[in-house]
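The lines below spell out each chain.
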Amino acid sequence: MQTIGKFFLALLLLFLSYFTHAQTSDEQAIEQAAIDYMESYYNSDQPQMERAVHHEVAKRHIVEREGFQLVKNMGYTELVSLTKLDGKKWALKKDQPLRVDVKILDIDGNIASIKASTNQYDFYDYMHVAKINGEWKIINVLWDTKKID
């Protein structure tokens, strides 16, 4: 009886080890998608942006114009094209390297929510990321400017 108990305990530990590795691997891939997204602007790296976002990506920002608010939208083509600009031109701390801060808010199966910001730009992004064909890609981005005290 002890042998069967040890067998099931070993099987359980093996399963938990695999699950923990898969979770860690997914977390790293999710974080890397956000890092690629942020770095691609800063480094003017079009292939890096293409790795980060899905072709159906939607980026949105609420803007105020003449007393009313509206939602400004960007898609894949505009996001990828913006990497052709010199992103370092708008950096806040040109004497410091880019640092990307990523906080994973939730992972559930093949979808995740994250918040990302940098030390170089005065905005932050909330992102929805999905695992599609084995790769984590950014599907939605909602962004706003940081409140400066």
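Scroll up to find the structure.
Residues numbered from 1 in each chain as written. Predicted model: local features only at pLDDT ≥ 70, side-chain atom pairs only at ≥ 80, totals over all residues. Heavy atoms only, no water.

Novice: Any chance you could explain the overall build of the protein here in plain terms?
Specialist: Counting secondary structure elements, the protein contains three helices and six strands. A total of 149 residues make up the protein; the buried ones form 32% of that total. (Helix = DSSP H or I, 4+ residues; strand = E, 2+ residues; numbered from the N terminus. Buried < 20%, exposed > 50% of the residue type's maximum accessible area, 1.4 Å probe, protein only.)

Novice: Would you mind going over the nonpolar core with me for this structure?
Specialist: One broad trend across soluble globular proteins is that nonpolar side chains are buried collectively. Counting 30 residues, the largest nonpolar core has Y37, M38, V53, M127 and I138 as the members making the most contacts within it. Those elements giving two or more residues to this core turn out to be α1 (2-43), α2 (46-52), β1 (53-65), α3 (76-82), β3 (100-108), β4 (111-118), β5 (123-132) and β6 (135-145). The element contributing the most residues to this core is α1, with eight residues. Ignoring any residue separated from it by four or fewer positions in sequence, one finds V53 in contact with Y37, Y76, K137 and I138. (Core = buried A, V, L, I, M, F, W, Y, C linked by side-chain atoms within 4.5 Å. Contact = heavy atoms within 4.5 Å.)

Novice: Can you walk me through the pairing of β4 in this structure?
Specialist: Consecutive residues of a regular strand have side chains that alternate between opposite faces of the sheet. As paired strands, β3 and β4 are joined by eight bridges and run antiparallel to one another. Its bridge partner being in β4, D106 is matched across the sheet by S113. Once β3 ends, the chain turns through two residues before running back antiparallel as β4, passing G109 with a positive phi of about 65 degrees. In this sheet, β5 lies alongside β4 in antiparallel orientation, the contact comprising seven bridges. (Pairing = 2+ DSSP bridges.)

Novice: What's the story with a nonpolar patch on the surface in this structure? I'm lost.
Specialist: Residues L105, Y126 and L142 make up a contiguous nonpolar surface patch of about 270 Å² in total accessible area. With respect to the element layout, L105 can be found in strand β3. (Patch = residues over 30% accessible without salt bridge, like charges linked within 9 Å, V, L, I, M, F, W, Y side chains within 5 Å. Areas by Shrake-Rupley, 256 points an atom, 1.4 Å probe, with all protein chains shown as cover. Salt bridge = Lys/Arg side-chain N within 4 Å of Asp/Glu carboxyl O.)

Novice: For this particular structure, what's the right way to read the pattern of salt bridges?
Specialist: A complete count under the given rule lists four salt bridges for this structure. D26 is the partner of K131 in a salt bridge, and the nearest nitrogen-oxygen pair spans 3.0 Å. Of the two residues, K131 is situated in strand β5 and D26 in helix α1; the sequence distance between them amounts to 105 residues. Measuring nitrogen to oxygen at the nearest pair gives 3.9 Å for the salt bridge that ties K72 to E78. E78 sits in the partly exposed class, given a relative accessible area of 34%.

Novice: Would you mind showing me how to read the layout of surface pockets here?
Specialist: Where empty space is left becomes clear once a probe the size of a water molecule has been rolled over the atoms. One number sums up the size of the largest pocket: a volume of about 390 Å³. Looking at side-chain class alone, the lining of the largest pocket contains nine nonpolar, three polar and two charged residues. (1 Å grid on protein atoms, 1.4 Å probe; cavity = no way out; pocket = protein on both sides within 12 Å on 5 of 7 lines; lining within 4 Å. Points joined across faces, edges and corners; volume = space filled by probe spheres on them. Nonpolar A, V, L, I, M, F, W, Y, C, P; charged D, E, K, R; others polar.)

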